[in-house]
Amino acid sequence: DVKVTQSSRYLVKRTGEKVFLECVQDMDHENMFWYRQDPGLGLRLIYFSYDVKMKEKGDIPEGYSVSREKKERFSLILESASTNQTSMYLCASSSLQGVDYGYTFGSGTRLTVV
Amino acid sequence: AQSVTQPDIHITVSEGASLELRCNYSYGATPYLFWYVQSPGQGLQLLLKYFSGDTLVQGIKGFEAEFKRSQSSFNLRKPSVHWSDAAEYFCAVVHKYGNKLVFGAGTILRVKS
C-alpha cells in the first residue's frame, strides 16, 4: 500500500524553538507539498517541491522553510516557532502527472506552540 | 487568481436522506476538479475527480459530482447518507501552473440518526 508518512501525529513546542516536520513517501513521486489546515480556512499551500533540492513558495510561506535532500523526503522547518503557527500540517505527494494520478496525503501533524 | 468557494460550513442531514454539498470555483479555463473527504484524525482521501468528458462523475463510497460550466459549480451528491459519511469534505481545483491544488474552506457534514 502506497504511503505518505508524517513522522509525528502530535507535537508540542515552545515559542522560539526550531521545529522540524518530516514527511516521507514511498511512491517515487516527483512532487511533494506542505499544506497548513485551519478551521474555516481549508488547506493552504506553504511550500512545494518538484524535484530534489528544488522548492517553490506557496501561498503562505512566511515563517517557514523547507528542505528536500532526497526524493522521498520533504521537511518543513519552522525557524522560530510562534503561537500563530499552531495548526494541523499535511504533507502530500504526486507524480509529474499529478493532475491525472491524484495526490496522496499523509495523516497530518498537529502542532501546538505554547 | 483561482479560488474555490464552499458556501456551507456545516450541514446536518438525517441518515438515509440525500445529500448535496456545494462547490463553486473561479478559474479562467476548464479546471481540473476534485472532492476529498477527511474523517476525524485522518488525512485526506480522494472521493472523485473531473478532468474532461462526461460531466457526471462517479466516485467511491457511492458519491457522485456534476460539473456545470455555466454555473462554475462542481457539487457533490449522495442519494442516501450513512452515519459513517460524517466527516469534512473539501472541494479543490488544480492551480493554473499545474500540480498545486487550491482548496475550499471545507464543509463539515453531520449525520443524525
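Parameters and conventions
- Residues numbered from 1 in each chain as written.
- Chains lettered and ligands numbered in written order.
- Predicted model: local features only at pLDDT ≥ 70, side-chain atom pairs only at ≥ 80, totals over all residues.
- Heavy atoms only, no water.
- Contact = heavy atoms within 4.5 Å.
- Buried area = accessible area lost by both parts, 1.4 Å probe.
- Salt bridge = Lys/Arg side-chain N within 4 Å of Asp/Glu carboxyl O.
- Polar contact = N/O pair within 3.5 Å; in protein donor to acceptor, adjacent residues only side chain to side chain.
- Helix = DSSP H or I, 4+ residues; strand = E, 2+ residues; numbered from the N terminus.
- Nonpolar A, V, L, I, M, F, W, Y, C, P; charged D, E, K, R; others polar.
- Core = buried A, V, L, I, M, F, W, Y, C linked by side-chain atoms within 4.5 Å.
- Buried < 20%, exposed > 50% of the residue type's maximum accessible area, 1.4 Å probe, protein only.
- Disulfide = S-S within 2.5 Å.
- Pairing = 2+ DSSP bridges.
- Axes fitted to C-alpha atoms, helices over the stretch in contact; angles between N-to-C directions.
- pLDDT = per-residue confidence, 0-100.

Colleague: What's the story with the interface of chain A and chain B in this structure? I'm lost.
Modeller: It is common to give the size of an interface as the accessible area lost on bringing the parts into contact. Taken together, the contact between chain A and chain B spans 23 residues of the former and 19 residues of the latter. A combined buried area of about 1,700 Å² lies between chain A and chain B, and 56% of that area is made up of carbon and sulfur atoms. The tally of links from chain A across to chain B stands at zero salt bridges. At the boundary of chain A and chain B, one finds two residue pairs in polar contact (both at pLDDT 80 or more). Among the elements of the structure, strand 4 (31-38), strand 5 (42-51) and helix 1 (98-101) of chain A are those that each provide at least two residues to the side of chain A that touches chain B. Here the residues of the side of chain A that touches chain B are counted per class, giving twelve nonpolar, nine polar and two charged.

Colleague: Looking at this model, I keep getting lost on the pattern of salt bridges. Mind explaining?
Modeller: Working definition: two side chains of opposite charge can pair if their charged atoms are close together. Under the criterion given, the structure shown has ten salt bridges over all chains. Among the charged side chains, a salt-bridge network with shared partners connects Arg-36, Asp-38 and Arg-44 of chain A.

Colleague: Just to check I follow, could you spell out the nonpolar core for this structure?
Modeller: The nonpolar side chains of a soluble globular protein tend to be buried with one another. Counting 27 residues, the largest nonpolar core has Leu-19, Trp-35, Leu-47, Leu-48, Phe-74, Leu-76 and Tyr-89 of chain B as the members making the most contacts within it. Secondary-structure elements contributing two or more residues to this core are strand 2 (10-14), strand 3 (19-21), strand 5 (33-38), strand 6 (44-50), strand 8 (64-68), strand 9 (73-78), strand 10 (87-94) and strand 12 (107-112) of chain B. Per-element accounting of this core gives the leading share, four residues, to strand 10 of chain B. What Leu-76 of chain B contacts, discounting residues up to four positions off in sequence, is Leu-19, Glu-20, Leu-21, Trp-35, Leu-47, Leu-48, Phe-63, Glu-64, Ala-65 and Tyr-89 of chain B. Counting 21 residues, the second largest nonpolar core, distinct from the first, contains Leu-11, Trp-34, Ala-81 and Val-113 of chain A.

Colleague: Help me understand the state of the cysteines in this model?
Modeller: Such a bond, covalent and formed between the sulfur atoms of two cysteines, is termed a disulfide. Residues and elements named next belong to chain B. Throughout the structure, instances matching the rule amount to two disulfides over all chains. Each sulfur of the disulfide joining Cys-23 and Cys-91 lies 2.0 Å from the other. Here Cys-23 and Cys-91 share a disulfide; its torsion about the S-S bond, -65 degrees, makes the bridge left-handed. With a gap of 68 residues between them, Cys-23 in the loop between strand 3 and strand 4 (24-26) and Cys-91 in strand 10 connect regions that are remote in the sequence. For the residue pair Cys-23 and Cys-91, the accessibility class agrees, reading buried in each case.

Colleague: What's the story with the pairing of strand 6 (residues 54-57) of chain A in this structure? I'm lost.
Modeller: Two faces belong to every sheet, and in a regular strand the side chains alternate between them. All names here are of chain A. Pairing between strand 5 and strand 6: three bridges, direction antiparallel. Looking at strand 6, one finds that Asp-51 is bridged to Met-54. Connecting strand 5 to the antiparallel partner strand 6 that follows it, the hairpin turn spans two residues, and Lys-53 within it adopts a positive phi of roughly 65 degrees.

Colleague: Before we go on, may I ask you to explain the sheet that holds strand 1 (residues 4-6) of chain A in this structure?
Modeller: Neighbouring strands of a sheet are bound in pairs by backbone hydrogen bonds; such pairs are parallel or else antiparallel. Residues and elements named next belong to chain A. Ordered by their spatial adjacency, four strands build an open sheet running 1-3-8-7, and the pairing between neighbours is antiparallel. Either end of the sheet is taken by a strand with one partner, and the two such strands are strand 1 and strand 7 (64-70). Each adjacent strand pair in this sheet contributes to an overall mean axis angle of 20 degrees, direction not counted.

Colleague: Any chance you could explain the confidence of the model for chain B here in plain terms?
Modeller: The predicted structure's coordinates, where accompanied by low pLDDT, should not be read in detail. The pLDDT averaged across chain B works out to 90; a share of 94% of its residues lies at or above 70. Per-element mean pLDDT across chain B ranges from 88 in strand 11 (residues 101-103) of chain B up to 98 in strand 3 of chain B.

Colleague: Help me understand unusual backbone geometry in this model?
Modeller: We note that Lys-53 of chain A has phi near 65 degrees; this positive angle belongs to a residue other than glycine. As for its position among the elements, Lys-53 of chain A is in the loop between strand 5 and strand 6. With a phi close to 60 degrees, Lys-61 of chain B is a non-glycine residue in the positive phi region. Locating Lys-61 of chain B in the fold gives a position in the loop between strand 7 (56-58) and strand 8. A relative accessible area of 44% means that Lys-61 of chain B is categorised as partly exposed.

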